[in-house]
Amino acid sequence: MTGSRQSGNGRIDKVVLNNPRWVNAVFSSPDWAWLWLMVRLWLGVRWLEAGWHKTQEAAWTGGGLAVKGYWERVIVIPEQGRPPIAYDWYRQFLEFLLRNEWYDVVGWLVAYGEVLVGLGLIVGAFTGLAAFFGALMNWNFMLAGTASTNPVLGLIGLGVMVAWKTAGWWGLDRILLPALGVPWQRGALLGGDPASVGEGVPARKAWYVEQWVRMLVAAAVAVFALAALDGALQLLVFGLAVLLAAVSGTGRFFFTGRETRDRRH
């Protein structure tokens, strides 16, 4: 954001309003990518679990009767009390979809869309887009009057979207983004200049191997805790995964020693 001020000689100088340092660090620096790895794994497992069972149910993928019943229920305006849908334009939109029997297509899109969002977040592929489509579904569910976990999932998804450059640093985006680029900047495979999230200096291969192995172990432990455990045990095991990811992502070494570390800004 820019503003202006008048200097002593009558000239108008531009003033640039910068983000706080911690905002740039948390949302743009690979040094904090370990945190977004844990965040996106938590979010990804939630989406994958939500969508997987839908793909096995005919009410979602074999006719969309679950979607049809949901739409018929939420568009009703009760004689007393507030209707589930607060905005008339969204109610009319659902009525249009219902009249044209689009519930079959929407049921299929929701079921497999949730699975794809979950997988994208877990493996870190096009992480920002995956978080966007997840938040878009949360937004639609909330417009239809369903709160449930949607506010929390949507807010966390928004954070992943803001951190899109580094949220997938420990994932496939570390390869995909420099290779393919983004809509406003082509990647190396499309004729653009080689891109990277941060500049670095060389380090031994063992340095990278140790970091990647420990980060993959942390990711596997986190997914196991989220998918197979519950209660206090889940929190404990997931906490250990977060700790391992933190010491790996912030440059703590056990085997290779402290080598020359990437200097990222």
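Refer to the structure printed above.
Now for a description of the structure that goes with this document.

Calculation criteria
- Residues numbered from 1 in each chain as written.
- Predicted model: local features only at pLDDT ≥ 70, side-chain atom pairs only at ≥ 80, totals over all residues.
- Heavy atoms only, no water.
- Patch = residues over 30% accessible without salt bridge, like charges linked within 9 Å, V, L, I, M, F, W, Y side chains within 5 Å.
- Areas by Shrake-Rupley, 256 points an atom, 1.4 Å probe, with all protein chains shown as cover.
- Salt bridge = Lys/Arg side-chain N within 4 Å of Asp/Glu carboxyl O.
- Helix = DSSP H or I, 4+ residues; strand = E, 2+ residues; numbered from the N terminus.
- Expected span 1.5 Å × (residues − 1).
- Buried < 20%, exposed > 50% of the residue type's maximum accessible area, 1.4 Å probe, protein only.
- Arc of directions from axis to C-beta.

Some thoughts on a nonpolar patch on the surface
And then number 1: Taken together, the side chains of Y87, W89, F126, L129, F132, F133, L136, W139, L180, L189 and L190 define a hydrophobic patch exposed on the protein surface, amounting to about 1,100 Å² of accessible area.
And then number 2: Within the secondary structure, Y87 sits in the loop between α4 (65–74) and α5 (88–99).

Some details on α5
And then number 1: If you check α5, its first and last C-alpha atoms are 16 Å apart, about what 12 residues at 1.5 Å a residue would give, namely 16 Å.
And then number 2: Along α5, the residues that are buried comprise Y90, R91, L94, L97 and L98. An end-on view of α5 places all buried positions within 120° of arc, on one side of the element. For α5, the exposed residues set more than 90 degrees away from the buried face come down to Q92 and R99.
And then number 3: One or two steps after α5, the chain reaches E101, where phi turns positive at roughly 55°.

Let's talk about unusual backbone geometry
And then number 1: Residues other than glycine seldom take positive phi values, yet E101 does so here, at roughly 55°.
And then number 2: Within the secondary structure layout, E101 lies in the loop between α5 and α6 (103–123).

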